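# Examination of the molecular architecture
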Amino acid sequence: MIKIIIVAILSYLIGSFNSAYFFTNYIKKTDIRKYGSGNAGATNVMRVLGFKVAFFVFLSDALKGVLAVLIGRLIAGDLGGLVAGVAVVCGHNWPVFLGFKGGKGIATSFGAIISISPIVAILSFVIGIAIISISKYVSLGSILGAISFLLLNIIYYRSPNMLVFAIIITSLAVFQHRANIKRLLNGTESKLGQKTNIK
């Protein structure tokens, strides 16, 4: 139990390093949360600063997930990896260093799940990208990609722990997109390509 607690704390702190805030603060000396959707994540960075910066943010956030899972496994085995995956996403979503106001956890979730279940992670990612390409809604692709991760884990059942992990990760993703879901239903959600520049 002590090992699991250590894993959870370390992973949460890793997740709390917010790449979007770091890159925009370094490049533009400003807080990304003051622009666009106000979200400290790759999608908002793309709208504000473009694809190149957003790519590095997405990659950095995904690597947080990978690193946390590897550390979790090293300390506490497979269960440690699953706990680390959840904790690092929570750290990204509610970072202690930024007043608990972070991103939506999609990139970090992807990094975590590709370290735990690579084939299912890639299938979910492809589904999400396909939906984004067709609809032009990043949020819709993220939500349905996350849900597909859960459905695939139900279809290709591995263990109770893995299923619980999938339920939690999917629930976090959907919860963090609750405002987007309302905008999608109201027809006011921003589409891919709409840009908001930092003055």
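Quick summary incoming for the structure in this document.

The geometry of helix α7 (residues 138–155) relative to helix α8 (residues 160–176) is characterised by a closest axis approach of 9 Å and an angle of 165° between their N-to-C directions. As judged from the angle between their axes, α7 and α8 are roughly antiparallel. As for how α7 packs across α8, the hand of that crossing is left-handed. When α7 is examined against α8, the residues Ile-143, Ala-146, Ile-147, Phe-149, Leu-150, Asn-153 and Ile-154 are found in contact with a partner set consisting of Met-162, Leu-163, Phe-165, Ala-166, Ile-167, Ile-169, Thr-170, Ala-173 and Val-174.

Here we come to the side chain of Ser-16. By the secondary structure assignment, Ser-16 is in the loop between α1 (2–15) and α2 (19–28). Here the side chain of Ser-16 touches Val-96 through a polar contact of 3.3 Å, landing on its backbone nitrogen. Setting aside residues no more than four positions away along its own chain, Ser-16 makes contact with Gly-91, His-92, Trp-94, Pro-95, Val-96 and Phe-97.

This model, assessed by the stated rule, comprises 5 aromatic pairs. With centroids separated by 6.3 Å and ring planes inclined at 90°, the aromatic side chains of Phe-149 and Phe-165 adopt a geometry described as edge-to-face. You can see Phe-149 sitting in helix α7 and its partner Phe-165 sitting in helix α8, a full 16 residues away along the chain. Of the two residues examined, Phe-149 and Phe-165, each falls in the buried class. Its guanidinium or amino end placed over the ring of Phe-175, Arg-178 lies 4.0 Å from that ring's centre, counting from NZ or CZ.

Rules behind the numbers
All residue numbers here refer to positions counted from 1 along the written sequence of the relevant chain. Whole-chain, interface and lining totals are the exception, using all residues; otherwise, since this is a predicted model, local features are given only for residues with pLDDT of at least 70 and side-chain atom pairs are given and counted only at 80 or more. Only hydrogens and water are removed before side-chain values are computed, so all heavy atoms of the structure are retained for them. Lines are fitted to the C-alpha atoms to define the axes, a helix being fitted only along its stretch in contact, and any angle between axes, read from their N-to-C directions, falls within 0 to 180 degrees. Helix numbers and strand numbers start at the N terminus; a helix is a DSSP run of H or I with at least 4 residues, a strand a run of E with at least 2. Note on angle classes: values under 35 degrees are labelled roughly parallel, values over 145 roughly antiparallel, values of 65 to 115 roughly perpendicular, and the remainder oblique. Handedness of a crossing is defined here by the sense of rotation of the near helix relative to the far one, left-handed for an anticlockwise turn of less than a right angle and right-handed for a clockwise turn. In this description, contact between two residues means that some pair of their heavy atoms is separated by no more than 4.5 Å. Within 3.5 Å is the distance limit for a polar contact, defined as a pair of N or O atoms, with the added protein rule that one can donate a hydrogen and the other accept it, and that residues adjacent in sequence qualify only through two side-chain atoms. In summary, the pairing rule links any two rings of Phe, Tyr or Trp, Trp by its six-membered ring, whose centres are within 6.5 Å, and it sorts them by plane angle into stacked for under 30 degrees, edge-to-face for over 60 and tilted for everything else. Partly exposed residues are those whose accessible area sits between 20% and 50% of the maximum for their type, while under 20% is buried and over 50% is exposed, using a 1.4 Å probe and protein chains only. Put simply, a charge is over a ring when the Lys NZ or the Arg CZ is close to the ring centre, within 6 Å, and near the line of the ring normal, within 35 degrees.

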